[in-house]
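# Structural overview
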Amino acid sequence: MPFSLARPATYELVIKKSRFIACVESVAGRDEAQARVAQLKAEHPDAAHVCWALLAGGQSAANDDGEPGGTAGRPMLEVLRHQDLQGVMASVVRYFGGIKLGAGGLVRAYTDAVAQALLSAEKVPLIVQTTLACSVPYALEGLVRHELELAQAPLLGVSHGSVVTMHFALPQSQAAEWMARLSESGRGQLVWLEGDSPS
């Protein structure tokens, strides 16, 4: 099961006078990660590098930000992969201390900084949601709304026509059981819609 992070976690490492300030945090995707990198660069204008790695579904990325190719972003990304994380970004702000570390030293520094930050991070299971849609007679709208409240499932949209069409999200693992229970409660008057999405 993939995990995300409950809140950001940081760690600072000093190697041969260079400071490596690591942060691991949950992000939705590449756009949010790039916005975060821009924020870090603004917060640390004197830093030599702001390297980062992202694991978010099909949006994985690794950026060395001027460090020798493959010495920062990719090693950071590998740390995230080994932790079975998803929707997570690792960033390391480096203040250069005047002593070169060499390619091996850089890989170790970036890997260790992210690994140490993850040690203090609280991992939370990533619950995969599925979006469902159904149509019901007006008389059953209250029943469906009540069931959604009990399941703590967010209602994404409702449209009123000849019937009530409702869109909502549920944890994928609970969807089949919940659909069966609701179909039974609706006594055959509830129709599940496929491939539909809230307008």
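These lines cover the structure that appears in this document, whether it is placed above or below. (Residues numbered from 1 in each chain as written. Predicted model: local features only at pLDDT ≥ 70, side-chain atom pairs only at ≥ 80, totals over all residues. Heavy atoms only, no water.)

## Quick look at the overall build of the chain
Here is the rule: Numbering of helices and strands runs from the N terminus; a helix is a DSSP stretch of H or I covering at least four residues, while a strand is a stretch of E covering at least two. We compute the radius of gyration over the C-alpha atoms and compare it with the globule rule, which gives 2.2 Å times the number of residues raised to the power 0.38. To sort residues, take the accessible area from a 1.4 Å probe on protein chains only and compare it with the maximum for the residue type: under 20% means buried, over 50% means exposed, and anything in between is partly exposed. Contacts are assigned to residue pairs that have any heavy atoms within 4.5 Å of one another. For accessible areas, the Shrake-Rupley method is used with a probe of radius 1.4 Å. Any residue's cover is judged against the shown protein chains and nothing else. Under the counting rule used here, the positive set is Lys and Arg, the negative set is Asp and Glu, and His together with the chain ends is not counted. To locate a charge, take NZ of a lysine, CZ of an arginine, CG of an aspartate or CD of a glutamate.
Secondary structure assignment for the chain yields 5 helices and 11 strands. By the compact-globule yardstick of 16 Å for 199 residues, the chain is too spread out, its C-alpha radius of gyration being 23 Å. Counting over 199 residues, the chain shows a buried share of 42%. Relative to all contacts within the chain whose residues are 6 or more apart in sequence, the contacts with residues 24 or more apart total 68%. Summing over all exposed atoms, the chain offers an accessible surface of approximately 10,600 Å²; the carbon and sulfur share of this is 51%. Counting 16 positive and 20 negative side-chain charges, the chain places the centres of these two groups 11 Å from one another.

## Side note on the sheet that holds strand 9 (residues 155–160)
Selection criterion: Here a strand pair is declared whenever DSSP counts at least two bridges between the two strands. Each axis is a line fitted through C-alpha atoms, and for a helix only the stretch in contact is used; angles between axes span 0 to 180 degrees, taken between their N-to-C directions.
Taken in spatial order, the 4 strands make up an open sheet running 9-10-8-11, and their pairing is antiparallel. The open sheet terminates on both sides in strands that have one partner only, identified here as strand 9 and strand 11 (191–193). Across this sheet, the average inter-strand angle for adjacent strands is 25°, counted without regard to direction. When strand 8 (residues 129–136) meets strand 11, the two strands line up antiparallel, connected through 3 bridges. From the neighbouring strand, Cys-134 faces strand 11, where its bridge partner is Trp-192. Against the sheet, helix 4 (residues 141–150) makes contact with strand 8, strand 9 and strand 10 (164–171), and its axis sits at roughly 15° relative to strand 10, the strand it touches most.

## Description of the nonpolar core
The condition is simple: Grouping buried Ala, Val, Leu, Ile, Met, Phe, Trp, Tyr and Cys residues that are joined through side-chain atoms within 4.5 Å yields what is termed a nonpolar core.
Core analysis: the biggest nonpolar cluster contains 27 residues, and Val-24 and Leu-118 have the highest contact counts within it. Of all the secondary-structure elements, those providing two or more residues to this core are strand 2 (9–15), strand 3 (18–26), strand 4 (49–55), helix 2 (73–82), strand 6 (88–95) and helix 3 (102–119). Counting residues per element, this core draws most heavily on helix 3, which supplies 7 residues. Once residues within four sequence positions are removed from consideration, Leu-118 is found in contact with Leu-5, Val-24, Val-79, Leu-80, Gln-83 and Leu-85. Judged by nonpolar contacts, the second largest core, of 15 residues, contains Leu-148, Val-164, Trp-178 and Leu-182.

## Section: the environment of Gly-161
Position of Gly-161 relative to the elements: it lies in the loop between strand 9 and strand 10. What makes Gly-161 partly exposed here is its relative accessible area of 44%. Linking Gly-161 and Ala-113, residues 48 residues apart in sequence, is a C-alpha distance of 57 Å.

## Some remarks on the pairing of strand 8
By the criterion of burial, strand 8 is predominantly enclosed, with 6 of the 8 residues buried. Bridging between strand 8 and strand 10 involves 8 bridges; their strand directions are antiparallel. Its bridge partner lying in strand 10, Gln-129 is registered against Pro-171.

## Re the environment of Leu-182
Along the chain, the position of Leu-182 falls in helix 5 (residues 172–185). Residue class for Leu-182 comes out buried when judged on its relative accessible area of 1%. A C-alpha to C-alpha distance of 8.7 Å links Leu-182 and Leu-143, two positions 39 residues apart in sequence. Sequence-distant contacts of Leu-182, defined by excluding residues within four places in its chain, comprise Val-144, Glu-147, Leu-190 and Trp-192.

## Here we look at helix 3
Under the convention used in this document: To estimate the expected span of a helix, subtract one from its residue number and multiply by 1.5 Å.
Spanning 18 residues, helix 3 covers 26 Å between terminal C-alpha atoms, matching the ideal 26 Å at 1.5 Å per step. Where helix 3 is buried, its residues contact strand 1 (3–5), strand 2, strand 3, strand 4, helix 2 and strand 6.

## So, the packing of aromatic side chains
Stated precisely, the cut-off is as follows: For Phe, Tyr and Trp, rings pair up if their centres lie within 6.5 Å, where Trp contributes its six-membered ring, and each pair is then called stacked (planes under 30 degrees apart), edge-to-face (over 60) or tilted (otherwise).
Within the structure shown, the criterion is met by 4 aromatic pairs. With a centroid separation of 6.3 Å and an interplanar angle of 75°, the aromatic rings of Phe-168 and Trp-192 are classed as edge-to-face. With Phe-168 in strand 10 and Trp-192 in strand 11, this pair connects stretches of sequence that are 24 residues apart. Looking at Phe-168, the relative accessible area reads 0%, which means it is buried. Relative to Trp-192, the ring of Trp-178 lies with its centre 6.5 Å away and its plane at 65°, an arrangement referred to as edge-to-face.

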